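Breakdown of the fold
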Amino acid sequence: MRWCGRLLLLPLLGFSGGDPEPILVGRVRDDHGPVAGARVRFRGGAEVVVTDETGTFRLPGRPSASRRITAATPRHLIGSVPSDSVPLVITLQPVPSDDDEEYSWVDPAPQSAGEHRCGRCHREAYREWSASGHARSATNRWFRSLFDGSDWHGRPNVGWGLLIDHPDGAGVCTACHAPTVSPGDPAFFDLRQVEGVAARGVHCDFCHKIADVWADSQGLTHGRFALALRRPRAGQLFFGPFDDVDRGEDVYAPFYRHSRYCAPCHEGIVFGVPVYTTYSEWRESPFARQGQQCQDCHMKPTGRQTELAIGSDIRRNPWSVSNHRFFAGSRADMLRQAARLSAEVRAGSDEVVVEVAVRAESVGHRLPTGFVDRHLLLVVDGKDAGSSSLPLRRGPVLPSAAGPGWAGRPGRLYAKLLTDDSGHSPAPFWRPIRSVADTRLAPGQEDRLRLVFPPGTMQVHVQLLYRRFWKEVADLKGWPDETLVVAERRLVTPIPDR
């Protein structure tokens, strides 16, 4: 063994022949002394070591002027030095503690050279984000229609409208849908007036200015008001899940890979009604107990990206770079992966019996989840030889909430159904609510149905349909039909044994 000041040359376990792999020995410190628990690696490398109580690290690898070693903690800006530095000491600077409310948010859209906008360098992430709901959270037509009471063509006072029923609630949506609207902006209390960067919705600069979530228990404080932001008075500052981005303005924030990062906008009690409950659904699920996070599914890497930014000299494992589309493929793909539909038909001498099972699987929350109006319809049609529908003899039927053309048909509704004080359901969440009936499927839950049709039922068509909004609302407002077929089965009735 030979001590060389910064290199301790030790043969690694399992090494045979050739030169031994060197061990780089160094220290991480800040202005107060040694930093314990810092994550240290070669910049872009796979292996990570952690400093001990004296700030010392031992990192396998060969030093060179072109290879940098980085060190990171959630309390410091990520720092680095060339790996051949003598002495090998990385001095970290603390994360600025101030938050400048006059900060000018960065527009993510790429522009001409010289403007430091997110989309210029982070092209793939920007492309993915641009196709996401986050990019349209302040401006999408369905949201605006429910917010101001307009229809698809912009005509006012058509059907449900938060501002029609609850004009003093105009600012309730801003904290999540347009979190970078400043308090002095008229749009803060009326999102119809949103413009500029704030109209980009939940955008890059906002998401990467989040230093922490104020509390693990969410629901009553929403969006930006449940978040600790760090907007710098000068220069720039970004938080994220990588611990080796050493530009001098980046902070390692491991909670970016944890579900609680998502909670402030995906858990909300509004006007006393549980409108968004995805985070609490996840907390109660087997996924949470197994340590699986929202990001594991909704930011699952595509395997296409090997660099975070254009021109970066770090080539990363493509399965370590998160997808900013927030769906693995598409919404339809994720729904189809989350629902399993099975069906069986049996013929007797005087009836045809259909057994149907719907199961929520590979999903970390209820099915469906998100905005309170989202729901699934299970529809079972028994048909004769001429493909005409036959009446159901026994079994469940869809309630009136399923809407015109669907209510009374054989099947089941999976929904969080609100009933207002007048007894009408479905009802918008901002009206006084008498009851909430939740029939959505919990993770791993299976619902089984038995439906009996008359003899002469020659075929059975089973469909599981997803809708984001109630049909009576969509029809009244003239919204395009977005009904999605999640799963379906077409069965032929077997000839009964004689």
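Everything discussed here concerns the structure shown above.
The structure reproduced in this document is the subject of the present report. Just so it is clear, the model here is predicted, and its values are computed rather than measured.

1. Re the environment of glycine 268
Mapped onto the secondary structure, glycine 268 falls in strand β15 (residues 267-270). Residue glycine 268 is classed as buried on the basis of its relative accessible area of 4%. Apart from the residues lying within four places of it in its own chain, the contact partners of glycine 268 are Gly219, His222, Val273, Pro274, Val275 and Tyr276.

2. Here we look at the pattern of salt bridges
Applying the stated criterion across every chain, the model contains 36 salt bridges. With a shortest N-O distance of 3.5 Å, arginine 247 and glutamate 249 are connected by a salt bridge. Assessed through its relative accessible area of 48%, arginine 247 is described here as partly exposed. Given a relative accessible area of 21%, glutamate 249 falls into the partly exposed group. Here arginine 340 ties to glutamate 361 by a salt bridge, and the two come within 3.2 Å at their closest N and O atoms. Here glutamate 361 lies in the loop between β18 (352-360) and β19 (375-383) and arginine 340 lies in strand β17 (residues 339-347), a separation of 21 residues in the sequence. Given the relative accessible area of 21%, glutamate 361 is considered partly exposed. One continuous salt-bridge network, built from bridges that share partners, spans Arg43, Arg68, Asp246 and Asp313.

3. Some points on helix α2 (residues 123-130)
Within the span of α2, buried status applies to Ala125, Tyr126, Glu128 and Trp129. Seen along its axis, α2 keeps its buried residues to an arc of 165 degrees; they face one direction. Among the structural elements, α1 (118-121) are those in contact with the buried residues of α2.

4. Thoughts on the side chain of glutamine 295
Topologically, glutamine 295 is positioned in helix α10 (residues 294-298). Not counting chain neighbours up to four residues away, the residues in contact with glutamine 295 comprise Phe255, Tyr256, Arg257, His258, Ser259, Tyr261, Cys262 and Lys300.

5. Some details on unusual backbone geometry
The residue after valine 86, namely proline 87, is reached through a cis peptide bond having omega -5 degrees. Position of proline 87 among the secondary structure elements: in the loop between β9 (79-82) and β10 (89-91). Between leucine 367 and proline 368 the backbone carries a cis peptide bond, its omega angle lying at -5 degrees. Topologically, proline 368 is positioned in the loop between β18 and β19. Here the phi dihedral of asparagine 157 falls at roughly 55 degrees; this positive angle occurs in a residue that is not glycine. Residue asparagine 157 is classed as exposed on the basis of its relative accessible area, which comes to 60%. One non-glycine residue with positive phi stands out, namely serine 362, at about 55 degrees. On the secondary structure map, serine 362 appears in the loop between β18 and β19.

Quick notes on the rules
- Along each chain, the written sequence defines residue order, and numbers are assigned to residues from 1.
- A pLDDT threshold of at least 70 governs which residues receive local features in this predicted model, and a stricter bar of 80 or more applies before side-chain atom pairs are shown or counted, although totals over entire chains, interfaces and linings include all residues.
- With hydrogens and water excluded, all non-hydrogen atoms of the structure serve as input to the side-chain values.
- Helix and strand assignments follow DSSP, with helices taken as H or I runs no shorter than four residues and strands as E runs no shorter than two, numbered in order from the N terminus.
- The rule is simple: take the accessible area with a 1.4 Å probe, protein chains only, and divide by the maximum for that residue type; under 20% is buried, over 50% is exposed, in between is partly exposed.
- By definition, residues are in contact when any of their heavy atoms lie within 4.5 Å.
- By convention in these notes, a salt bridge is any Lys or Arg side-chain nitrogen within 4 Å of a carboxyl oxygen on Asp or Glu.
- Here, the arc refers to the directions that run from the helix axis to the C-beta atoms.

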